[in-house]
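Structure assessment
Residue-level listing of the chains:
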Amino acid sequence: MIRRPPRSTPLYSSAASDVYKRQEKIQTLWDEDSKLDVDNLHTESTKIPSLHAKYYKIYNNILLLKKMEENKLKVLNKEKWQYYTGKANPQVYIDKPFDHKVLRQDVDKYLESDEDLIKGKTKIDYYQVMLSYLDSILKNINNRTYQIKNAIEWQQFIRGYSD
């Protein structure tokens, strides 16, 4: 009997580059938004809520994308497990033959080295990196009030003002 692996989702081939492009876009946005205009600190202070909302919305979207990919990976993992254990639909083996008899103890090795599963895990890892980056941006935005306060105090100190 000739066996083939189950169909893989076409998302993973270009998906990693899409995730990388998203990461670059977020970094470019933050490069622009992170700059404080020291001459207009009063307007910088009023931007804080909108900046927080902007990046929190991005954070939530990325989190949802990550959850969707985790669910897709679970389904793909099940399909691959069925394929490697010989329990998949016979049509799968006609489409993509697999000539090996895999021992139960070796199935994990096949799953760990499966290219489709590796691509899926890599995409989830990219999303996690993006979430960590966005989390640090949100923390920075939350601390922005203190940064503006310190900038104002520094300007007062330089100009010789005191309370």
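Residues numbered from 1 in each chain as written. Predicted model: local features only at pLDDT ≥ 70, side-chain atom pairs only at ≥ 80, totals over all residues. Heavy atoms only, no water.

**So, the pattern of salt bridges**
Evaluation of the coordinates by the stated rule reveals 11 salt bridges. One salt bridge in this structure joins R144 and E44, with 3.8 Å as the shortest N-O distance. Of this pair, R144 sits in helix 6 (residues 144-159) while E44 is found in helix 2 (residues 41-85), placing the two residues 100 residues apart along the sequence. For K66, the salt bridge goes to E70, with nearest N and O atoms at 3.5 Å. Of this pair, K66 and E70 are both found in helix 2, four residues apart, which corresponds to roughly one turn of the helix. Accessibility expressed as a relative area gives 13% for K66, which makes it buried. Under the relative-accessibility criterion, E70 is labelled partly exposed at 22%. Through salt bridges with shared partners, a single network forms among E44, K47 and R144. (Salt bridge = Lys/Arg side-chain N within 4 Å of Asp/Glu carboxyl O. Helix = DSSP H or I, 4+ residues; strand = E, 2+ residues; numbered from the N terminus. Buried < 20%, exposed > 50% of the residue type's maximum accessible area, 1.4 Å probe, protein only.)

**Quick look at the confidence of the model for the protein**
Averaged over the protein, the pLDDT score is 86; the fraction of residues at 70 or greater is 89%. For the protein, the element scoring lowest by mean pLDDT is helix 1 (residues 11-33), at 79; helix 5 (residues 115-142) scores highest, at 95. (pLDDT = per-residue confidence, 0-100.)

**Describing the packing of aromatic side chains**
Under the criterion given, the structure shown has nine aromatic pairs. Here W30 and Y55 contribute two aromatic rings whose centre-to-centre distance is 5.5 Å and whose plane-to-plane angle is 90°, an arrangement assigned as edge-to-face. One end of the pair, W30, is in helix 1; the other, Y55, is in helix 2, with 25 residues separating them in the sequence. In this structure W30 comes out as buried when scored by relative accessible area, which is 10%. Taking relative accessible area as the criterion, Y55 reaches 0% and is therefore assigned buried. Here the aromatic residues Y83, Y84, Y93, F98 and Y110 are joined through ring pairs into a cluster of three or more. (Phe/Tyr/Trp six-rings, centres within 6.5 Å; stacked < 30°, edge-to-face > 60°.)

**Quick word on the environment of Q155**
Structurally, Q155 is set in helix 6. Here V38 takes part through its backbone oxygen, which lies 3.0 Å from a polar atom of the side chain of Q155. (Polar contact = N/O pair within 3.5 Å; in protein donor to acceptor, adjacent residues only side chain to side chain.)

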